Amino acid sequence: MTDKKRNGFIESLKDGRSVWMDGEKINNLAEHPDFSGTLATINRLWEMLDSPKEQKIVGFVSPKTGQYVHQSFLVPADLKDIISRREAFTLWSRKTFGVMSRLSDYASSLITGYFIDRDQFTKYDPSFSEKTEQYYEQARDERRIITTAVLDPQIDRSKLSAEQTDPDALLRVVRKTEEGVVVRGAKMIATAAPYAHDVIIMPHQKLSESQADSAYMFIVPLNSKGLHIVCRESFASQDQEKHPLSAQFDEMDAVLIFDDVLIPWERVFIKESAEGVFQAQLHQQLNVLAHHQTVVRLLTKLQFVAGVATAIAQSIGADHYLHVQEKLGELYTQLDSIEALLIASEIQGAFHRDSVYLPARVPLQTARNLGTRYYSRAIEILKQIGAGGFIQLPSTPIEKSETISPLLKKYYKGANVDATTKTALFQIGWELVGSTLGSRHDLYERFYTGDPVRTFAQQYDLYEKQPLKKKLHHFLENISERKEKHEPSHSVYSTPS
Ligand SMILES: Cc1cc2nc3c(=O)[nH]c(=O)nc-3n(C[C@H](O)[C@H](O)[C@H](O)COP(=O)(O)OP(=O)(O)OC[C@H]3O[C@@H](n4cnc5c(N)ncnc54)[C@H](O)[C@@H]3O)c2cc1C
């Protein structure tokens with residue numbers, strides 16, 4: 001492989017983007033210590049598309065270029081294609097233990113979903129179909145990294161968008177020109193924005209037709225002039241030996257500030273249509289191809305936490321206690337539940353518009369909702385098992401501690417592991433339960449799929465409730481009929497369905 005190809009992703013970020021960290025604009029993202037580990041990880045993942053051993057799992061051959069492109073762009077024709085997409089997501093997520101989630105395979109799946117249904121949106125914007133087809137092919141063939149940002153800033157959530165007193169509280173178009181529209185406002189949170197190429201932007205709240213200036217859907221290049229990418233504090237560590245997760249997998253979260261950004265017409269997908277952007281947002285919220293990816297990644301991460309918890313319990317002999325076995329059993333129940341839902345979604349899938357096979361929505365939605373609670377519970381269990389061991393870690397490595405090393409080896413060892421292995425295990429555990437990276441992940445798993453209060457309520461909203469009530473009504477009718485005839489009633493389960 002040539003150096004040019006190898007460094008294609010890193011080089012592509014030297015594009016004039018405006019990334020802010022600690023009050024300063026970053027000049028060279030690739031060489032910045034807070035990003036170098038994460039970027040190297042992403043680069044390695046994309047390199048798989050050029051590796052003869054892995055490209056057939058991660059990718060498929062583009063009908064346009066003959067080059068391997070990512071499976072997230074595959075339009076699934078049957079169950080086999082869904083499994084093939086799952087294998088690609090699994091391979092990628094295992095490389096980061098599910099810790100990195102916005103590697104573009106989620107957002108690329110959203111784009112594939114829009115591409116499949118592109119004709120449905122022409123009633124809101126006649127250009128949608130053509131622009132989506134062009135963008136889908138460009139993103140797929142140029143290996144563009146995509147992310148999403150849907151929410152307006154958390155200024156006053158008690159007010160609807162139309163009630164906000166500051167006109168810039170809601171992203172809006174302030175000017176139209178021959179080249180495109182000029183946009184002002186902000187969006188949160190855009191994970192991966194500092195090193196992605198494009199971001200999908202649309203309103204989150206339902207707008208009224210009088211809010212035409214905000215009723216737009218764009219896919220914005222992240223190097224657009226006037227677009228400021230404001231990073232949170234970095235959680236990246238420079239010490240890979242001590243903090244292997246933080247050193248390699250700190251995917252950055254950012255707020256996007258649009259300080260009068262020109263968005264070219266070819267990137268404006270829906271224009272001045274409140275109903276159009278509402279349907280586009282709904283499509284994103286219900287996009288089963290993207291949800292399928294998130295559930296694969298969730299399973300990988302839960303497997304990782306369960307693996308760490310098991311190894312830690314065994315390393316200190318805590319696995320001999322019944323309550324620890326019960327807690328580990330709970331973690332394995334989480335894994336089997338999510339895996340069962342994933343498989344159910346695949347085999348209960350159905351043909352969509354005749355030629356596309358999509359996974360079933362309900363099992364994926366259930367898995368995503370469970371994930372918002374499972375991950376925090378898994379971390380709680382990990383804390384209960386490792387206990388004080390996460391804090392008694394020596395700040396100096398066991399092997400390198402000169403004269404005190406023999407004593408460290410003696411007192412930091414475990415029931416069946418030496419001090420070096422046990423310390424390394426607990427270091428990873430600490431990164432999950434106690435580090436800034438770990439806290440970010442607890443918050444991420446609770447919220448990345450939306451506010452869980454509203455996502456569970458959405459499950460109520462969309463659930464097929466009639467069959468649940470049918471049997472009950474039958475039972476109640478049966479009781480009143482029997483009462484009239486003074487006969488004993490049947491059990492609910494013995495009534496004919
Ligand atoms: C680490 C991390 C990474 C993320 N990455 C991305 C990303 O890449 N792209 C992206 O688009 N989003 C991302 N998100 C954002 C995520 O979608 C939101 O956090 C989530 O939708 C909740 O919105 P919010 O944070 O604005 O909370 P808010 O909506 O402000 O909620 C705050 C509190 O108020 C309550 N509340 C507010 N409004 C209502 C209401 N109308 N009805 C009922 N209760 C209400 C909520 O229940 C909650 O308790 C990320 C979030 C996190 C934490």
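Below is a summary of the structure that appears in this document. (Residues numbered from 1 in each chain as written. Predicted model: local features only at pLDDT ≥ 70, side-chain atom pairs only at ≥ 80, totals over all residues. Heavy atoms only, no water.)

So, the layout of surface pockets
Move 1: By volume, the largest pocket amounts to about 1800 Å³.
Move 2: When contributions to the lining of the largest pocket are tallied by element, the ones reaching two or more residues are strand S5 (146–149), helix H9 (274–285), helix H12 (361–386), helix H15 (436–447) and helix H16 (452–462).
Move 3: Ranked by residue count, the leading element in the lining of the largest pocket is H16, at 6 residues.
Move 4: Taken together, the residues of the lining of the largest pocket break down into 20 nonpolar, 18 polar and 12 charged.
Move 5: Viewed by domain, the lining of the largest pocket spans two of them, domain 1 (3–285) and domain 2 (288–462), each represented by three or more residues. (1 Å grid on protein atoms, 1.4 Å probe; cavity = no way out; pocket = protein on both sides within 12 Å on 5 of 7 lines; lining within 4 Å. Points joined across faces, edges and corners; volume = space filled by probe spheres on them. Helix = DSSP H or I, 4+ residues; strand = E, 2+ residues; numbered from the N terminus. Nonpolar A, V, L, I, M, F, W, Y, C, P; charged D, E, K, R; others polar. Domains from an automatic or database assignment.)

Notes on the sheet that holds strand S6 (residues 172–176)
The strands making up a sheet are joined through hydrogen bonds of the backbone, oriented either antiparallel or parallel.
Move 1: Reading across the sheet, the 6 strands line up as S2-S1-S10-S11-S7-S6 and stay open at both edges, with mixed pairing between neighbours. Two strands close off the open sheet at either side, each with one partner strand: strand S2 (24–25) and S6. (Pairing = 2+ DSSP bridges.)

Focus on the nonpolar core
Move 1: Counting residues in each nonpolar core, the largest one holds 94 residues, and the members touching the most others are Tyr195, Phe218 and Leu256.
Move 2: Lining this core are residues from two domains, each supplying at least three of them: domain 1 (3–285) and domain 2 (288–462).
Move 3: Apart from the residues lying within four places of it in its own chain, the contact partners of Tyr195 are Phe9, Leu13, Arg17, Leu29, Phe35, Thr38, Leu39, Ile42, Glu251 and Met252.
Move 4: Membership of the second largest hydrophobic core comes to 30 residues, among which are Tyr114, Phe121, Ala139 and Ile219. (Core = buried A, V, L, I, M, F, W, Y, C linked by side-chain atoms within 4.5 Å. Buried < 20%, exposed > 50% of the residue type's maximum accessible area, 1.4 Å probe, protein only. Contact = heavy atoms within 4.5 Å.)

Quick notes on the pairing of strand S8 (residues 198–201)
Move 1: Here S8 shows no split at all, with Asp198 and Ile200 on one side and Val199 and Ile201 on the other all buried.
Move 2: One ladder, built from 4 bridges, connects S8 with strand S9 (residues 217–221); its direction is antiparallel. Counted as the bridge partner of Asp198 is Pro221 from S9.

Focus on the site of the ligand
Move 1: Neighbouring the ligand are 19 residues; Arg102, Arg157, Ile189, Thr191 and Asp451 lie closest to it.
Move 2: Within the side chain of Arg102, an N or O atom sits 2.8 Å from an oxygen atom of the ligand.
Move 3: For the ligand, the accessible surface in isolation is 950 Å², of which the surrounding protein chains cover 73%.
Move 4: The pocket occupied by the ligand, as judged from atoms lying within 2 Å of grid points, is the largest pocket.
Move 5: Broken down by secondary-structure element, the contributors of at least two residues to the shell around the ligand are S5, H15 and H16.
Move 6: Taken together, the residues that form the shell around the ligand break down as 9 nonpolar, 4 polar and 6 charged.
Move 7: The two domains that each donate at least three residues to the shell around the ligand are domain 1 (3–285) and domain 2 (288–462). (Near = heavy atom within 4 Å. Polar contact = N/O pair within 3.5 Å; in protein donor to acceptor, adjacent residues only side chain to side chain. Areas by Shrake-Rupley, 256 points an atom, 1.4 Å probe, with all protein chains shown as cover. Sits in = over half its atoms within 2 Å of the grid points.)

Concerning the pattern of salt bridges
Move 1: Enumeration over the complete set of coordinates arrives at 29 salt bridges.
Move 2: In this structure, Glu133 engages Arg118 in a salt bridge whose closest nitrogen and oxygen atoms are separated by 3.5 Å. Of this pair, Glu133 sits in helix H7 (residues 128–141) while Arg118 sits in the loop between helix H6 (105–116) and H7, placing them 15 residues apart in sequence.
Move 3: Classification of Arg118 by relative accessible area gives buried; the value is 19%. (Salt bridge = Lys/Arg side-chain N within 4 Å of Asp/Glu carboxyl O.)

Regarding the sheet that holds S8
Move 1: The mixed open sheet is built from 4 strands, whose spatial order is S5-S8-S9-S12. Where the open sheet ends on each side, the last strands, each with one partner, are S5 and strand S12 (268–270). If you compare each strand with its neighbour and ignore which way they point, the axes differ by 25° on average.
Move 2: Direction of pairing for S5 relative to S8: parallel, over a ladder of 4 bridges. Bridge pairing in S8 links Ile146 to Asp198.
Move 3: Strand contacts of H7: S5, S8, S9 and S12, with the helix running at about 130° to S12, the strand carrying the most contacts.
Move 4: Its contacts with the sheet put H9 on S5, S8, S9 and S12, and the angle it makes with S12 is roughly 95°. (Axes fitted to C-alpha atoms, helices over the stretch in contact; angles between N-to-C directions.)

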